Amino acid sequence: EAHQRCRRLKLDLTKEGAEGSLGALHETKSDSTAGVLRQFLDGKAEGGQQVSKDELFQSLTSQTVEIVLTAHPTQVNRRTLLEKHSRVQKILNEADSLRETG
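Residues numbered from 1 in each chain as written. Predicted model: local features only at pLDDT ≥ 70, side-chain atom pairs only at ≥ 80, totals over all residues. Heavy atoms only, no water.

**Here we look at the overall build of the protein**
Part 1 of the reasoning: The helix and strand tally for the protein stands at four helices and zero strands.
Part 2 of the reasoning: Of all 102 residues assigned to the protein, the portion counted as buried reaches 15%.
Part 3 of the reasoning: The contacts of the protein with a sequence gap of at least 6 include a subset with a gap of at least 24, amounting to 13%. (Helix = DSSP H or I, 4+ residues; strand = E, 2+ residues; numbered from the N terminus. Buried < 20%, exposed > 50% of the residue type's maximum accessible area, 1.4 Å probe, protein only. Contact = heavy atoms within 4.5 Å.)

**Some details on the pattern of salt bridges**
Part 1 of the reasoning: The tally for this structure, following the rule as stated, stands at three salt bridges.
Part 2 of the reasoning: Between Asp-96 and Arg-7 there is a salt bridge, and its shortest N-O distance comes to 2.9 Å. Here Asp-96 is found in helix 4 (residues 79–101), whereas its partner Arg-7 is found in helix 1 (residues 2–15), with 89 residues between them in sequence.
Part 3 of the reasoning: When its relative accessible area of 14% is taken as the criterion, Asp-96 is described as buried.
Part 4 of the reasoning: Several salt bridges share partner residues, and in doing so they unite Arg-7, Asp-96 and Arg-99 into one network. (Salt bridge = Lys/Arg side-chain N within 4 Å of Asp/Glu carboxyl O.)

**Quick word on helix 4**
Part 1 of the reasoning: Taking 1.5 Å per residue as the helical rise, helix 4 with its 23 residues ought to reach 33 Å, and the 33 Å between its terminal C-alpha atoms agrees with that figure.
Part 2 of the reasoning: The positive-phi residue at the C-terminal boundary of helix 4 is Gly-102, with phi of around 100°. (Expected span 1.5 Å × (residues − 1).)

**A closer look at the confidence of the model for the protein**
Part 1 of the reasoning: On average, residues of the protein score 77 in pLDDT, and 76% of them reach the 70 mark or higher.
Part 2 of the reasoning: When mean pLDDT is compared element by element in the protein, helix 3 (residues 53–61) scores highest at 89, while helix 1 scores lowest at 76. (pLDDT = per-residue confidence, 0-100.)

Right under this line is the structure:
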């Protein structure tokens, strides 16, 4: 699932001509963290109200986060399962590299 998400994001960025960094801080992706922040600064966010950099900074730095830890038998991954996931991820990455290089 994570591999497919990264693959899709990489394809989207290539289509937009923005190769390079992937992830939540890519400004050209409107649904990324940086993309949403850019919309607020440009006044293109929902409601159309433009927010100053100081207001945005103050809002982001004054938020609080609470960590909640839960344990449920269906959410616990055994070490062997994690190792298998890691091996599958490595194989998928190698296959993608082979496809890209021809």
